[in-house]
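Overview (structure and organization)
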Amino acid sequence: MLGPQSSLVMYDEEYQRILLLLERLLRESNSKVIFLVDKNGQLIAATGETANLDTTSLASLTAGNIAATGGLAKLIGEKEFSILFHEGEKDNIHISIIGGRVILVVIFDQRSSLGLVRLRVKKASNELAVVFEDLVSKTEQQAVSSSAPSPFAEITDDDIDNLFN
Amino acid sequence: MSFINYASREINCKIVYYGPGLCGKTTNLQFIYNKTAEESKGKMISLATETERTLFFDFLPLALGEIRGFKTRFHLYTVPGQVFYDASRKLILKGVDGVVFVADSQEERFDANIESLENLKDNLEEQGFDLEKLPFVIQYNKRDLPNVSSVEELSNLLNPRKVPELEGCAMSGEGVFETLKAVAKLVLNDLKKAG
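Reading the values: rules and limits
- Residues numbered from 1 in each chain as written.
- Chains lettered and ligands numbered in written order.
- Predicted model: local features only at pLDDT ≥ 70, side-chain atom pairs only at ≥ 80, totals over all residues.
- Heavy atoms only, no water.
- Contact = heavy atoms within 4.5 Å.
- Buried area = accessible area lost by both parts, 1.4 Å probe.
- Salt bridge = Lys/Arg side-chain N within 4 Å of Asp/Glu carboxyl O.
- Helix = DSSP H or I, 4+ residues; strand = E, 2+ residues; numbered from the N terminus.
- Nonpolar A, V, L, I, M, F, W, Y, C, P; charged D, E, K, R; others polar.
- Buried < 20%, exposed > 50% of the residue type's maximum accessible area, 1.4 Å probe, protein only.
- Patch = residues over 30% accessible without salt bridge, like charges linked within 9 Å, V, L, I, M, F, W, Y side chains within 5 Å.
- Areas by Shrake-Rupley, 256 points an atom, 1.4 Å probe, with all protein chains shown as cover.
- Lys, Arg positive; Asp, Glu negative; His and termini not counted.
- Charge placed at Lys NZ, Arg CZ, Asp CG, Glu CD.
- Phe/Tyr/Trp six-rings, centres within 6.5 Å; stacked < 30°, edge-to-face > 60°.

A few words on the interface of chain B and chain A. Listed as interface residues are 42 residues of chain B and, on the opposing side, 35 residues of chain A. Contact with chain A buries area across many residues of chain B, yet Phe3(B), Tyr6(B) and Arg68(B) alone supply 18% of it, more than any other trio. Run the count over chain B and chain A and you get 3 salt bridges. A salt bridge links Asp161(A) to Lys181(B); the nearest nitrogen and oxygen atoms lie 3.9 Å apart. Breaking the side of chain B that touches chain A down by element, the ones donating at least two residues are strand S1 (3-5), strand S2 (10-18), strand S3 (45-48), strand S4 (54-67), strand S5 (70-78) and helix H5 (176-194) of chain B. When the residues that make up the side of chain B that touches chain A are grouped by side-chain class, the tally is 23 nonpolar, 11 polar and 8 charged.

Here it is, written out as structure tokens:
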């Protein structure tokens with residue numbers, strides 16, 4: 001499982017696996033939009049009708065939401081609330097935690113139902129958790145092998161200064 | 001912590017503005033938002049009370065440009081400064097990569113600065129961070145006001161470690177980008193060391 005302090009690193013191969021799983025979940029659950037967010041509020045992947053959606057803001061607010069409800073859970077002696085559901089007039093949001101660190105968000109309307117979404121999310125969650133496990137071991141391997149140095153080892157002060165010009 | 005995405009070639013880092021109530025954390029972010037080109041910024045979100053006091057956090061996503069072929073994105077957050085919002089402050093610090101402490105230079109806020117800085121250390125510790133090891137800069141804000149403590153006095157008290165410190169006036173924008181640049185530099189240097 002990903003620890004709360006470890007940097008998240010995403011590689012192309014795992015990203016493609018995640019996208020495939022999200023796209024399948026989108027189809028099978030008849031939902032509108034699905035996205036994955038790191039608990040720190042970073043958007044990992046999104047699929048569906050995202051064109052008119054501010055996914056960056058959604059990611060940050062989702063993480064804030066999970067953090068706040070997590071705080072509530074601790075106050076009453078729970079570890080966390082692993083599923084949140086927000087019901088709107090047209091659209092609903094189903095939020096669940098995967099592997100302790102990643103947040104899966106499903107937005108759906110009347111073409112689907114809470115029961116269907118819950119069922120499909122459960123199956124997809126297990127598969128997504130496996131990908132994230134793989135990602136963690138890959139990151140650890142990359143960290144110890146000197147054959148693949150991080151691209152950031154070479155950053156110079158000039159590179160950083162250039163960002164602000 | 002930072003999120004390095006090789007698939008989209010992006011680095012995402014989280015910077016938190018901390019400090020006592022009404023010290024100018026939100027004003028810092030608003031200035032950055034107003035002065036940043038449309039294509040480099042996302043929407044600024046403020047979860048505030050009806051009287052414009054921060055209730056949970058402000059959030060501003062910034063895209064600074066490319067470094068070694070990676071897009072660098074900084075997510076700026078503020079915490080609610082008022083003492084009784086401590087539970088919320090702890091949550092915002094989760095996964096932080098760098099901290100800006102905005103000190104209120106006014107004499108009457110001297111104690112509030114100390115209290116807030118202590119609170120920052122405690123809350124970071126709870127999340128498993130050590131302020132001494134984290135990219136950290138201090139901004140002495142409101143330097144334009146008449147009743148301010150000297151920078152030397154503030155520095156002796158708030159900055160024994162001598163981390164980068166800057167004078168600011170967030171209302172007019174003085175020192176705001178310099179502060180952001182200072183913390184971003186430390187965060188990226190940290191990434192470099194980790195690499």
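Take the environment of Leu58(A) next. Residues and elements named next belong to chain A. Within the secondary structure layout, Leu 58 lies in helix H2 (residues 55-75). Separated by 17 residues in sequence, Leu 58 and Gly 41 place their C-alpha atoms 8.7 Å apart. Leaving out residues up to four positions away in the same chain, Leu 58 has contacts with Phe 35 and Leu 53.

In this structure, Thr72(B) sits in strand S5. Take Thr72(B): its relative accessible area is 1%, and that puts it in the buried class. Apart from the residues within four sequence positions on either side, Thr72(B) is in contact with Leu163(A), Ile11(B), Leu62(B), Ala63(B), Leu64(B), Gly65(B), Ile67(B) and Leu188(B).

This next bit is on a negative patch on the surface. Together, Glu107(B), Glu108(B), Glu152(B) and Glu153(B) line one region of the surface with negative charge. Position of Glu108(B) among the secondary structure elements: in the loop between strand S6 (98-104) and helix H3 (110-126).

With that settled, consider the packing of aromatic side chains. The geometry of two aromatic rings is summed up by the distance between their centres and the angle between their planes. Residue and element names in this part refer to chain B. By the definition in use, this model includes 8 aromatic pairs over all chains. Aromatic side chains Tyr 6 and Phe 70 sit 5.6 Å apart centroid to centroid with 90° between the ring planes, which places their arrangement in the edge-to-face category. Residue Tyr 6 is found in the loop between S1 and S2, and its partner Phe 70 is found in strand S5; the two are separated by 64 residues along the sequence. On the accessibility criterion, Phe 70 (0% relative accessible area) is buried.

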